[in-house]
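Residue-level listing of the chains:
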Amino acid sequence: MALLGLSFNSSALATIKDEYQRAQACDYYNAEYVSDVGVYKDSKVRFCISADQQELIYVMAMGTSWVVPFNRQYRSKGILSLNTLEENRLVLYQKEDGVVTRKVLGRQRGS
């Protein structure tokens, strides 16, 4: 039983490390998508989509980055979210208390 717990913890740590490494792969200056006007008032944020199109990587000008699922629903802090592409726009749909909102996060560079 103890061995089972150890292998579970090892795989959980590997997942966190993998997520960190994927987030670091998105360079702010080369990111494919730039944040839309007014979305992030105090921070400059850009976005990359992973090669396998499974993850959306947010990266800030100061270098902080994080990964969220892309093209599939996920729940965070009680809010159901979905990041997707619509033409050259990166769009976030969120559902909270039965109300769905749509926010354009960014646009593809050069569009």
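Here, every reference points to the structure presented above.
Now for a quick tour of the structure. Computed from a prediction, not measured in an experiment: that's the story for all the values here.

What follows covers the nonpolar core. By size, the foremost hydrophobic cluster in this structure holds 13 residues, and its most contacted members are F47, L56, Y58, L90 and L105. By size, the runner-up hydrophobic cluster in this structure holds eight residues, among which are C26, Y28, A31 and I57.

One open sheet holds the eight strands; their spatial order is β4-β3-β2-β1-β8-β7-β6-β5, and the pairing between them is antiparallel. Edge positions in the sheet fall to β4 (65-69) and β5 (74-76), since each has one partner strand and no second. For this sheet, the mean inter-axis angle between neighbouring strands, taken without regard to orientation, is 35°. Judged from the two bridges that link them, strand β1 (residues 33-35) and strand β2 (residues 45-49) form a sheet pairing that is antiparallel. For V34, the partnering residue across the bridge sits in β2 and is R46.

Here we take up the pattern of salt bridges. Applying the stated criterion to the full structure yields two salt bridges. Across the pair R89 and E87 runs a salt bridge whose closest N-O atoms are separated by 3.7 Å. Look at R89 and you get partly exposed, because its relative accessible area is 28%.

Another point: the side chain of T84. For T84, the location among the structural elements is in strand β6 (residues 79-86). Residue classification places T84 among the buried positions, given a relative accessible area of 14%. Polar side-chain contacts of T84 include one of 2.8 Å to the side chain of N71. Each residue touching T84, except ones within four places of it in the same chain, is listed here: F70, N71, R89, L90, V91 and Y93.

Our next topic: the pairing of strand β7 (residues 89-96). Successive residues of a regular strand alternate their side chains across the two faces of the sheet. One ladder, built from seven bridges, connects β6 with β7; its direction is antiparallel. Bridge pairing in β7 places L85 opposite L90. Hairpin connection between β6 and β7: a loop of two residues separates the two successive antiparallel strands, and E87 in this loop has a positive phi of roughly 55°. Where β7 lies against strand β8 (residues 99-108), eight bridges are found, and the strand directions are antiparallel. Paired with L92 across the bridge in β8 is K103. In sequence, β7 turns back onto β8 through a hairpin of two residues, with D97 there showing a positive phi of about 55°.

Right, let's talk about the packing of aromatic side chains for a bit. Within this structure, the stated rule accounts for three aromatic pairs. The interplanar angle of 85° and the centroid separation of 5.1 Å between the aromatic rings of Y28 and Y29 together place this pair among those described as edge-to-face. Note on Y29: relative accessible area 57%, which makes it exposed. Between the aromatic rings of Y58 and W66, the centroid separation amounts to 4.9 Å while the plane-to-plane angle is 15°, which identifies the pairing as stacked. Assessed through its relative accessible area of 32%, W66 is described here as partly exposed.

So, how was this worked out
Residues numbered from 1 in each chain as written. Predicted model: local features only at pLDDT ≥ 70, side-chain atom pairs only at ≥ 80, totals over all residues. Heavy atoms only, no water. Core = buried A, V, L, I, M, F, W, Y, C linked by side-chain atoms within 4.5 Å. Buried < 20%, exposed > 50% of the residue type's maximum accessible area, 1.4 Å probe, protein only. Pairing = 2+ DSSP bridges. Helix = DSSP H or I, 4+ residues; strand = E, 2+ residues; numbered from the N terminus. Axes fitted to C-alpha atoms, helices over the stretch in contact; angles between N-to-C directions. Salt bridge = Lys/Arg side-chain N within 4 Å of Asp/Glu carboxyl O. Polar contact = N/O pair within 3.5 Å; in protein donor to acceptor, adjacent residues only side chain to side chain. Contact = heavy atoms within 4.5 Å. Phe/Tyr/Trp six-rings, centres within 6.5 Å; stacked < 30°, edge-to-face > 60°.

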